[in-house]
Amino acid sequence: MMDYNAILCHITDAEREAAKLMLEAHSVMAEQKSSRRDVVTEYDRRVQEYLMQRLREAVPKARFFCEEQEKKDDIGAEQLFIIDPIDGTMNFVRGFHHSCISIGYAEQGVLKAAAVYNPYVDELFTATLGGGAFLNGKPIHADDAPLSETVVCFGTTPYDISLAPRCFTLAQKVFGASLDVRREGSAALDLCSVAAGRAGLYFELAISLWDYAAGLLIAREAGCVCCTMEGREMKLSAGKSSVAAGGKTAVEEFLRLAQE
Ligand code: IPD
């Protein structure tokens, strides 16, 4: 039986160390990937390289599925680290201090451990399967409030502009139904915000596995309902997914609103 707390320690040690690269970053130059909204920096690559090296030393048989990796390993691998070296890259480039390192650990497509670290505010969100979710070592829980009593985070799926009309129609609907909406720029931290009960709901029409893997386990372990926009279970094997996550009441209300 694998000790997932030991794996989690390797992950969090590596994240804290790699985060120094983010904090020391200067003259950050963005390189365009698929569009002007989809960018990468030398820091994404350096953080990823460092994390892969550290985690390979700790778990020699592990495989990797990382945002900036050219040839990604199989999602169903026996032992897999799913890494977003910097989630919230646009925030990082523009100097908004709201980005994180996100690492999920899965075995045969099932998440077992996860950590999301935002070095700017020194917040470390962690979870192991069945072991609960924590922020800096203290248990966190979803807020099961109706939309009218909570704040909603959403993502704009910036790399797929065809989804913008639906995204902003939904954002307007939830703005009307909730206290307010937030577009913070990091899917992993949005999932941690619902896990910590800061927001009652987070939705985005398409995000990649590295954006949501770690946050998904943390949100689930905090008691959030996490599903696709069709109300189906989110499966790692799908790779890209839509997401609606938060307290049960808010997610159910949101899925109803989305059908109207
Ligand atoms: C992006 C962020 C953003 C979300 C996008 C993601 P990246 O990840 O999480 O909030 O709206 O869908 O792709 O590119 O900064 O790692």
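Placed above this text is the structure.
Structural notes, computed from the coordinates. Source: prediction; values computed, not measured.

Secondary structure summary: the chain contains 7 helices and 14 strands in total. The C-alpha atoms of the chain give 17 Å as radius of gyration, which agrees with the globular expectation for 260 residues (18 Å, within 12%). In terms of its C-alpha atoms, the chain occupies a principal-axis envelope of roughly 50 × 45 × 30 Å. For the chain, the residues scored as buried account for 55% of the 260 residues in total. Contacts spanning at least 24 positions in sequence make up 64% of the contacts within the chain whose residues lie at least 6 apart. Accessible area of the chain: about 11700 Å², with a carbon and sulfur share of 49%. In the chain, which carries 27 positive and 37 negative side-chain charges, the distance between the mean positions of the two groups comes to 3 Å.

Attention now moves to the environment of Cys224. Summarising the element assignment, Cys224 is placed in the loop between helix H6 (209-221) and strand S13 (225-227). On the accessibility criterion, Cys224 (8% relative accessible area) is buried. Between the C-alpha atom of Cys224 and that of Ala245, which follows or precedes it by 21 residues, the distance is 6.3 Å.

Let's shift gears to the packing of helix H4 (residues 164-177) against helix H7 (residues 248-259). Here H4 crosses H7 at 125°, and the two axes come no closer than 10 Å. Judged on the interaxial angle alone, H7 and H4 are oblique. Every pair of crossing elements has a handedness; the one defined by H4 and H7 is right-handed. Counting all contacts with H4, which are made through Arg166, Leu170, Lys173, Val174 and Ala177, the residues of H7 involved are Phe254, Leu257 and Ala258. In terms of residue class, the contact of H4 with H7 is built from 6 nonpolar, no polar and 2 charged.

The next subject is the packing of helix H5 (residues 187-195) against H6. Between H5 and H6, the least distance of the axes is 8 Å, while the angle of their chain directions is 5°. When the axis of H5 is compared with that of H6, the two are roughly parallel. Counting all contacts with H5, which are made through Ala187, Ala188, Leu191, Cys192, Val194 and Ala195, the residues of H6 involved are Asp211, Tyr212, Gly215, Leu216, Ile218 and Ala219. Taken together, the residues of the contact of H5 with H6 break down into 10 nonpolar, 1 polar and 1 charged.

Near the ligand you find 17 residues, and of these Gly88, Thr89, Tyr159, Ala187 and Glu204 are the closest. Asp84 is positioned with one of its side-chain polar atoms (N or O) 3.0 Å from an oxygen atom of the ligand. Between Glu204 and the ligand, the recorded distance is 2.6 Å, taken from a side-chain N or O atom to an oxygen atom. About the coverage of the ligand: the protein hides 96% of its 380 Å² of free accessible area. According to the grid-proximity analysis, the pocket containing the ligand is the largest pocket. Among the secondary structure elements, those contributing two or more residues to the shell around the ligand are strand S4 (80-87) and strand S12 (201-207).

A full pass over the atoms with the stated rule returns 8 aromatic pairs. Their ring planes at 50° and their centres at 5.2 Å tell us that Phe81 and Tyr105 sit as a pair that is tilted. With Phe81 in strand S4 and Tyr105 in strand S5 (residues 100-107), this pair connects stretches of sequence that are 24 residues apart. For Tyr105, a relative accessible area of 0% corresponds to the buried category. Plain terms: the ring middles of Phe154 and Phe168 are 6.2 Å apart, the flat faces sit at 85° to each other, and that makes the pair edge-to-face. Here Phe154 is found in strand S10 (residues 151-154), whereas its partner Phe168 is found in helix H4, with 14 residues between them in sequence. Look at Phe154 and you get buried, because its relative accessible area is 6%.

Moving on: the layout of surface pockets. Approximately 640 Å³ is the volume found for the largest pocket. If you trace the largest pocket, you find 32 residues lining it, with Arg37, Pro158, Tyr159, Arg183 and Gly185 closest to the centre. Among the elements of the structure, S4, helix H3 (89-94), H5, S12 and H6 are those that each provide at least two residues to the lining of the largest pocket. Counting residues per element, the lining of the largest pocket draws most heavily on H3, at 4 residues. In the lining of the largest pocket, the residues fall into 10 nonpolar, 7 polar and 15 charged.

Calculation criteria
- For every chain, the first residue of the written sequence is number 1, and numbering continues from 1 along that sequence.
- Confidence filtering applies because this is a predicted model: local features only for residues at pLDDT of at least 70, side-chain atom pairs given and counted only at 80 or more, and all residues used for totals across whole chains, interfaces and linings.
- Excluded from the side-chain calculation are hydrogens and water; included are all heavy atoms of the structure.
- Numbering goes from the N terminus for both helices and strands, where a helix is a DSSP run of H or I of at least four residues and a strand is a run of E of at least two.
- As a reference, a globule follows 2.2 Å times the number of residues to the power 0.38, and the radius of gyration itself is taken over C-alpha atoms.
- Residue exposure (1.4 Å probe, protein chains only): buried if accessible area is under 20% of the type maximum, exposed if over 50%, otherwise partly exposed.
- Here, residues are in contact when the closest pair of their heavy atoms is within 4.5 Å.
- Methods summary: accessible areas were calculated by the Shrake-Rupley approach with a probe of 1.4 Å, and residue burial reflects only the protein chains presented.
- Within this scheme the basic residues Lys and Arg register as positive and the acidic residues Asp and Glu register as negative, but His and the chain ends are omitted.
- The atom standing in for a charge is NZ when the residue is Lys, CZ when it is Arg, CG when it is Asp and CD when it is Glu.
- Orientation is described by lines fitted to C-alpha atoms, with helices fitted over the stretch in contact, and by angles between N-to-C directions that extend from 0 to 180 degrees.
- Small angles under 35 degrees read as roughly parallel and large ones over 145 as roughly antiparallel, with 65 to 115 read as roughly perpendicular and the rest as oblique.
- Crossing handedness is defined as follows: a turn of the near helix away from the far one that is anticlockwise and smaller than a right angle gives a left-handed crossing, while the clockwise case is right-handed.
- When residues are grouped by polarity, Ala, Val, Leu, Ile, Met, Phe, Trp, Tyr, Cys and Pro land in nonpolar, Asp, Glu, Lys and Arg in charged, and all others, Gly among them, in polar.
- For this purpose, a residue is taken to be near a molecule or strand whenever a single non-hydrogen atom of the residue falls within 4 Å of it.
- N or O atoms closer than or at 3.5 Å make up a polar contact, with two conditions inside protein: a donor-capable atom paired with an acceptor-capable one, and, for residues adjacent in sequence, both atoms drawn from side chains.
- With a 1 Å grid spanning the protein atoms alone, the term cavity applies to any set of points in which a 1.4 Å probe fits but cannot get out, the term pocket to an open set with protein on both sides within 12 Å along at least five of seven lines, and the term lining residue to any residue with an atom within 4 Å of a point.
- For this analysis, a molecule is said to be in a pocket or cavity if more than half of its atoms are within 2 Å of the grid points defining it.
- Paired rings are identified among Phe, Tyr and Trp, the last through its six-membered ring, by centres lying within 6.5 Å, and are further divided according to the angle between planes into stacked (under 30 degrees), edge-to-face (over 60) and tilted (the rest).
- Grid points are joined across faces, edges and corners, and a volume is the space filled by probe spheres set on the points.

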